[in-house]
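# An overview of the molecular structure
Each chain, written out:
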Amino acid sequence: MPKGYWVSVYHAVSDPERLSAYDKLAGPAVRAGGGRLLSRGGRVVTHEAGTTQRVILIEFDSFEQAVSAYESEAYRKALVVLSGAVERDFRIIEGID
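Overview of the structure. All of these numbers come straight from a predicted model, not from anything done at the bench.

### Re the side chain of Ser 62
Within the secondary structure layout, Ser 62 lies in the loop between strand S3 (55-60) and helix H2 (63-71). When residues no more than four places from it in sequence are discounted, the contact partners of Ser 62 are Met 1, Pro 2, Lys 3 and Gly 4.

### Notes on the pattern of salt bridges
With the rule as written, the count across this model stands at eight salt bridges. Between Glu 59 and Arg 36 there is a salt bridge, and its shortest N-O distance comes to 3.3 Å. Taken together, the positions of Glu 59 in strand S3 and Arg 36 in strand S2 (residues 36-40) put the pair 23 residues apart, joining distant regions of the chain. Here Asp 89 makes a salt bridge to Arg 91, at a shortest N to O gap of 2.9 Å. Exposure remark for Asp 89: the relative accessible area of 28% places this residue in the partly exposed category. Overall, Arg 91 belongs to the partly exposed group, its relative accessible area being 48%. Bridged by salt links that share partners, the residues Lys 3, Arg 36, Glu 59 and Asp 61 form one connected network.

### Some details on the packing of helix H1 (residues 16-32) against helix H3 (residues 73-82)
Between H1 and H3, the shortest axis-to-axis distance is 8 Å and the interhelical angle comes to 175 degrees. When the axes of H1 and H3 are compared, the pair comes out roughly antiparallel. Contacts between H1 and H3 involve Arg 18, Leu 19, Ala 21, Tyr 22, Leu 25, Ala 26 and Ala 29 on the former and, on the latter, Ala 74, Tyr 75, Lys 77, Ala 78, Leu 79, Val 81 and Leu 82. For the contact of H1 with H3, the residue count by class is 12 nonpolar, no polar and two charged.

Criteria and thresholds
Residues numbered from 1 in each chain as written. Predicted model: local features only at pLDDT ≥ 70, side-chain atom pairs only at ≥ 80, totals over all residues. Heavy atoms only, no water. Helix = DSSP H or I, 4+ residues; strand = E, 2+ residues; numbered from the N terminus. Contact = heavy atoms within 4.5 Å. Salt bridge = Lys/Arg side-chain N within 4 Å of Asp/Glu carboxyl O. Buried < 20%, exposed > 50% of the residue type's maximum accessible area, 1.4 Å probe, protein only. Axes fitted to C-alpha atoms, helices over the stretch in contact; angles between N-to-C directions. Parallel < 35°, antiparallel > 145°, perpendicular 65-115°, else oblique. Nonpolar A, V, L, I, M, F, W, Y, C, P; charged D, E, K, R; others polar.

In short, geometric facts, not functional conclusions.
What follows is the structure in structure tokens.
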């Protein structure tokens with residue numbers, strides 16, 4: 001079964017305090033949903049239309065698990081805190097098995 005991934009690229013952060021509060025809620029929600037943080041804001045080399053802002057990569061055992069984690073009540077609470085604090089491109093993608 002192919003793994004699932006959350007890929008999140010932040011284009012702008014307008015409220016770092018709310019982003020920090022989101023992180024405190026999102027981390028436990030992601031782990032409870034089976035997610036494993038692979039990359040968070042480390043070094044980035046961009047090409048073409050890339051951005052050097054924060055990039056997050058989270059792995060799940062399956063695509064369905066990744067979707068379920070996003071739809072969980074715990075993660076929804078984190079999203080409420082994040083609302084309006086950032087501009088990001090967030091995707092859930094299926095890996096190649």
